[in-house]
Amino acid sequence: MLSAQNFGESGKMKEYHYTGPVEHRFSPYAFNGGTVLAVAGEDFAIVASDTRLSEGYSIHSRDSPKCYKLTDTTVIGCSGFHGDCLTLTKIIDARLKMYKHSNNKTMTSGAIAAMLSTILYSRRFFPYYVYNIIGGLDEQGKGAVYSFDPVGSYQRDTYKAGGSASAMLQPLLDNQIGFKNMEGVEHVPLSKDKAVQLVKDVFISAAERDVYTGDALRICIITKEGIQEQNIPLRKD
Amino acid sequence: MQHLYRPAAFVSGKRGSSSTKMATLAVRRVPLGGFSFENCKRNSVLESEANKVGFSVPTARKTGTTICGVVFKDGVVLGADTRATEGMVVADKNCSKIHYISPNIYCCGAGTAADTEMTTQIISSNLELHSLSTGRLPRVATANRMLKQMLFRYQGYIGAALVLGGVDCNGPHLYSIYPHGSTDKLPYVTMGSGSLAAMAVFEDRYKPDMEEEEAKRLVRDAIAAGIFNDLGSGSNIDLCVITKGNVDYIRPHDEANKKGVRRGELEGVRLTGDYKYKRGTTAVLSKAVNPLDLELLEESVQTMDTS
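Fair warning: this is a prediction, and the values are worked out from it, not measured in the lab. (Residues numbered from 1 in each chain as written. Chains lettered and ligands numbered in written order. Predicted model: local features only at pLDDT ≥ 70, side-chain atom pairs only at ≥ 80, totals over all residues. Heavy atoms only, no water.)

## Looking at the UniProt feature "active site" (unreviewed entry) in chain B
All names here are of chain B. Residues annotated by UniProt as "active site" (unreviewed entry) correspond here to Thr65. On the secondary structure map, Thr65 appears in the loop between α2 (38–53) and β1 (67–71). Overall, Thr65 belongs to the buried group, its relative accessible area being 1%. Leave out the neighbours within four places in its chain, and Thr65 touches Asp81, Lys97, Gly109, Ala110, Met191, Gly192, Ser193, Gly194, Asp230, Gly232 and Ser233. (UniProt positions renumbered as here; feature names shortened; annotations may be inferred. Helix = DSSP H or I, 4+ residues; strand = E, 2+ residues; numbered from the N terminus. Buried < 20%, exposed > 50% of the residue type's maximum accessible area, 1.4 Å probe, protein only. Contact = heavy atoms within 4.5 Å.)

## Here's the deal with empty space enclosed by the protein
Residue and element names in this part refer to chain A. Overall, the coordinates contain 2 cavities of 30 Å³ or more when judged by the stated rule. Here the second largest cavity is characterised by a volume of approximately 40 Å³. What lines the second largest cavity is simply Asn32, Gly33, Leu53, Lys66, Tyr68, Cys78, Ser79, Gly80, Phe81, His82 and Cys85. Counting only elements with at least two residues in the lining of the second largest cavity, the list comes to β6 (74–80) and α1 (82–103). For the lining of the second largest cavity, the element with the highest residue contribution is β6, accounting for 3 residues. Of the residues in the lining of the second largest cavity, the class split is 5 nonpolar, 5 polar and 1 charged. (1 Å grid on protein atoms, 1.4 Å probe; cavity = no way out; pocket = protein on both sides within 12 Å on 5 of 7 lines; lining within 4 Å. Points joined across faces, edges and corners; volume = space filled by probe spheres on them. Nonpolar A, V, L, I, M, F, W, Y, C, P; charged D, E, K, R; others polar.)

## A short note on the sheet that holds strand β12 (residues 246–254) of chain B
In a beta sheet, neighbouring strands pair by backbone hydrogen bonds and run either parallel or antiparallel. All names here are of chain B. The strand order across the open sheet built from 5 strands is β10-β1-β2-β11-β12, with neighbouring strands paired in antiparallel fashion. Each edge of the open sheet is held by one strand with a lone partner, namely β10 (188–191) and β12. Geometrically, the sheet is characterised by an average inter-axis angle of 10 degrees between neighbouring strands, direction not taken into account. Where strand β2 (residues 75–81) and strand β11 (residues 237–243) come together, 7 bridges link them in antiparallel fashion. Its bridge partner being in β11, Gly79 is matched across the sheet by Leu239. (Pairing = 2+ DSSP bridges. Axes fitted to C-alpha atoms, helices over the stretch in contact; angles between N-to-C directions.)

## A short note on helix α3 (residues 166–176) of chain A
Buried within α3 of chain A we find Ser166, Leu169, Gln170, Leu173, Asn175 and Gln176 of chain A. Check the buried side of α3 of chain A and you find it contacts β1 (35–40), β10 (159–163) and α4 (192–209) of chain A.

## Some points on the packing of aromatic side chains
Given two aromatic rings, their pairing is described by the distance between the two centres and the angle made by the two planes. The full count for this structure, using the stated rule, is 12 aromatic pairs over all chains. Relative to Tyr131 of chain A, the ring of Tyr129 of chain A lies with its centre 6.3 Å away and its plane at 75 degrees, an arrangement referred to as edge-to-face. The partly exposed category is assigned to Tyr129 of chain A, whose relative accessible area is 24%. Accessibility expressed as a relative area gives 37% for Tyr131 of chain A, which makes it partly exposed. Looking at Lys185 of chain B, its charged tip hangs above the ring of Tyr175 of chain B, at a distance of 5.6 Å from the centre. (Phe/Tyr/Trp six-rings, centres within 6.5 Å; stacked < 30°, edge-to-face > 60°. Lys NZ or Arg CZ within 6 Å of the ring centre and 35° of its normal.)

## Quick look at the nonpolar core
Residues and elements named next belong to chain A. With 25 residues, the main nonpolar core has Leu37, Ile46, Val199, Phe203 and Ile219 as its most contacted residues. Breaking this core down by element, the ones donating at least two residues are β1, β2 (45–50), β10, α3, α4 and β11 (216–223). Broken down by element, the residue count for this core peaks at 8 residues, all from α4. Those residues in contact with Phe203 that lie beyond four places of it in its chain are Thr35, Leu37, Ala48, Ser49, Asp50, Leu169, Thr213, Leu217 and Leu234. In terms of nonpolar packing, the next biggest core, distinct from the first, is built from 21 residues, Leu88, Ile92, Met107 and Ala144 among them. (Core = buried A, V, L, I, M, F, W, Y, C linked by side-chain atoms within 4.5 Å.)

## Overview of the state of the cysteines
Residues and elements named next belong to chain B. Under the counting rule described, the total for this entry stands at 0 disulfides over all chains. In this model Cys169 remains outside any disulfide bridge; the closest cysteine sulfur is found in Cys240, 19 Å from its own. We classify Cys169 as exposed; its relative accessible area is 55%. (Disulfide = S-S within 2.5 Å.)

## Some details on unusual backbone geometry
Of note, the amide linkage connecting Arg251 of chain B to Pro252 of chain B takes the cis form, showing an omega dihedral of 0 degrees. Looking at the element boundaries, Pro252 of chain B is found in strand β12. Here Asn181 of chain A, not a glycine, exhibits a phi torsion of approximately 60 degrees, which is positive. Structurally, Asn181 of chain A is set in the loop between α3 and α4. Overall, Asn181 of chain A belongs to the exposed group, its relative accessible area being 73%. Of note, Ser235 of chain B is a non-glycine position whose phi angle comes to about 70 degrees, a positive value. By the element assignment, Ser235 of chain B lies in the loop between α6 (212–229) and β11.

## So, the pattern of salt bridges
Residues and elements named next belong to chain B. This model, assessed by the stated rule, comprises 18 salt bridges over all chains. Of the charged contacts in the structure, one is a salt bridge between Asp221 and Arg220, with a shortest N-O distance of 2.8 Å. Residue class for Arg220 comes out partly exposed when judged on its relative accessible area of 22%. Two residues, Asp238 and Arg251, come together in a salt bridge whose shortest N-O distance is 2.9 Å. Residue Asp238 is located in strand β11, and its partner Arg251 is located in strand β12; the two are separated by 13 residues in the primary sequence. With a relative accessible area of 33%, Arg251 lands in the partly exposed category. (Salt bridge = Lys/Arg side-chain N within 4 Å of Asp/Glu carboxyl O.)

## Some remarks on the sheet that holds strand β12 (residues 226–233) of chain A
All names here are of chain A. Strand order across the open sheet formed by 5 strands is β10-β1-β2-β11-β12, with antiparallel pairing between neighbours. Looking at the sheet topology across the chains shown, the edges are occupied by β10 and β12. Averaged over all pairs of adjacent strands, the angle between strand axes in this sheet comes to 15 degrees, irrespective of strand direction. Strand direction decides the pairing type here: β2 and β11, joined by 6 bridges, are antiparallel. Bridge pairing in β11 links Ala48 to Ile219. Each of β1, β2, β11 and β12 touches α4; the most contacted strand, β11, lies at about 160 degrees to it.

Below, the structure is given as structure tokens:
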């Protein structure tokens, strides 16, 4: 069967080679979709994620949130391969308990972030396929966001989006929270209500254009009073 | 443009006069025997040249769709969702997937968006000329034959999976047409990435000789199953009901998903959800005005031949 693939670069026909038996490899990873977002304020932090778990063109679950509570002041959002997300959160929980038992105090957000970085890097050559974002309060009670890549590189941020719709959300956050690309606008510090409203609006937009994001939005608001959760429905298609 | 369309035979209006000239049934040049691969060489050269400069050949946008059709007592009902995707990003939230072929025949298209659009337009055009030549309303079987012969000629490279339905002198007909050129004539068909979800609904509730309302509900539910369970389909449900002498193109029949309402709009008060920018927010770095000095050299009027 003649086709474009039979012609080489110069336009002449390529020689026909029999390639022999082809080995099909098993892939240890799957992509389960999902978007995570974290915002740090003056005395609060917000971690939000959608609740859709998908694979290929199908939906596994409409109610699988990606925010996991670690301590009273820290929440982690994990998106990517769901198997690795579950294992990673189990490992973090175990390490938190070990720390509590040996040091008689709860781990701080910064300490959890540093520990997660080492956990991820220990699997440098067979990584956890997870995009992590930690949101919480630091020792001074100020909001903190730490964002990670799959092998453990991290930094402290004011806001960060991760997961399948991250490329759609991040520019909007840069503009609305970071006041980028705007002239002559007063840099008002972000209030808790404004931040929650922004997160809701931004996820509504992401659900419009990203097929992996939708169903519902889970928002975890972390203040010194504790962690408050909200559920908002999103598009289901 | 290669053509066999001879205006004289039609302007005179007398079919008898065409007996002296060759009866024109098709407008394309009769294809030479075998397959034509003229463009393969050119395409591979273009691709390699593009890659050298660092560009990649643009990928076709697919519709990742749910389309279906059902034959009922007096005609056919065709249904489609309205989402077009480019990879896993929604490119168009409200595109129209039910295409016009002739006044009594419509066609839903899944697969590569450009392919379904152009294929249906080409066959629609040819079918209109054919219908003028025969003097009769076109038949669904004719459209089916034209589509399958074209798709087979391109050996599946035209990625168009179609659901063709219509009512002609022999009654209502429904066909499904695959990109390689095979067709099936059936009482109910589904195509696209959401076809399994839609077919599940059909297999549960289809009965022969349904009433129009029942058939519309069935098609609406089948497309809704595709919209909610398939990530490649979404947004609204379009329906097309074709009966003898009447076509109802209902777009949208059902707005299954509305965009989430932002709190600012709902309460009508200037709240936190306001994303309008004040004038001057975008920085103007520099401004340069170049007036063009133009001289009027000559003025002439050329009349068009409108006879």
